[in-house]
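# Reading the structure
Residues per chain, in single letters:
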Amino acid sequence: MKGLVSRRQRVLRVRHVQHAMAVADAAHARDEADGLAHNIERLRKVRGELFETHGAATGASFAAMQELANRLEQAGRQLDGALYDARRKVEAKEGVTLNANREKEIATRLKDRAHADMEEWRENKLAALPRYRRMQRNGSV
């Protein structure tokens, strides 16, 4: 019986570590997605401010700004794709976290059940002893 409880406790420790790792992975994926979203917003802001000139612009400077705007637009599209992938990754990691949490809860219940079964077994064993043996075990004799 003691072996069963110790095995269940070991499984619970493993499940706890797996859950903690899954939570950390999900948080890391969320941080990556948030960073990408922030960079997309910064790109949009820079592109929006690009043509806010204070005065006349030459044709060459206007062409350079147009080229930069096109490159910023392309970078924004690439970041949009990366953000989409990052959000899918976050969803997958959160699914792993939920599964790990479920496994941890199951392991906790199994450990608690094994502990309760062991206590019940001890009580039944003690109740099955003759009265004088129980008194010896309890230190009454």
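The coordinates are above.
For clarity, every value in this text was computed on a predicted model and none was experimentally measured.

Side chains of nonpolar character tend, in soluble globular proteins, to be buried together. In this structure, A29, A33, L36, I40, L43, L72, L79, L83, A86 and V90 together form the largest nonpolar core, which totals ten residues. Those elements giving two or more residues to this core turn out to be α1 (2-50) and α2 (59-128). Dropping the residues within four chain positions of it, L36 is found in contact with L79, A82, L83 and A86.

Quick look at the packing of aromatic side chains now. Centre distance and the angle of the planes are the two values used to describe a pair of aromatic rings. Applying the stated criterion across every chain, the model contains zero aromatic pairs. Positioned above the aromatic ring of Y84 is the side chain of R88, whose terminal nitrogen or guanidinium carbon lies 4.5 Å from the ring centre.

Quick look at the pattern of salt bridges now. Oppositely charged side chains are able to pair whenever their charged atoms sit close together. Within the structure shown, the criterion is met by twelve salt bridges. Notably, a salt bridge pairs R88 with E91, separated by 2.8 Å at the nearest N-O pair. With R88 and E91 both in helix α2 and three residues apart, the pair spans about one turn of that helix. Overall, the relative accessible area of 34% leaves R88 in the partly exposed class. Classification of E91 as partly exposed rests on a relative accessible area of 46%. Ionic pairing is found between D112 and K111, a salt bridge with its closest N-O pair at 3.4 Å.

As for its placement among the helices and strands, M118 is situated in helix α2. The exposure class of M118 is buried, given its relative accessible area of 7%. Sequence spacing of M118 and V5 is 113 residues, and the spatial spacing of their C-alpha atoms is 7.8 Å.

Summarising the element assignment, T97 is placed in helix α2. Polar contacts involving the side chain of T97 include one to the main-chain carbonyl oxygen of A22, which spans 3.0 Å. Not counting residues within four places of it along the chain, the set of residues in contact with T97 comprises H19, A22, V23 and A26.

Calculation rules
Every chain's residues receive numbers from 1 upward, in the order its sequence appears when written. Reporting of local features is limited, given that this is a predicted model, to residues whose pLDDT is at least 70; pairs of side-chain atoms are given and counted only at 80 or more, and all residues count toward the totals for whole chains, interfaces and linings. Hydrogens and water are ignored here; the side-chain numbers use all heavy atoms of the structure. Working definition of a nonpolar core: buried Ala, Val, Leu, Ile, Met, Phe, Trp, Tyr and Cys residues. They are joined through side-chain atoms within 4.5 Å. Any residue under 20% of the maximum accessible area for its type is buried, any over 50% is exposed, and the rest in between are partly exposed; the area is computed with a 1.4 Å probe on protein chains only. Each helix is a run of H or I in the DSSP string that is no shorter than four residues. Each strand is a run of E no shorter than two, and both are numbered from the N terminus. The contact criterion used is simple: two residues touch if any of their non-hydrogen atoms lie within 4.5 Å. When two rings of Phe, Tyr or Trp (its six-membered ring) have centres within 6.5 Å they constitute a pair, described as stacked for plane angles under 30 degrees, edge-to-face for angles over 60, and tilted for the intermediate range. Only when the NZ atom of a Lys or the CZ atom of an Arg is both within 6 Å of the ring centre and within 35 degrees of the ring normal do we say a charge sits over the ring. Definition used for salt bridges: Asp or Glu carboxyl oxygen within 4 Å of a side-chain nitrogen of Lys or Arg. Side-chain atoms alone can form a polar contact between residues adjacent in sequence; in general such a contact is a pair of N or O atoms within 3.5 Å, and within protein one must be able to donate a hydrogen while the other accepts it.

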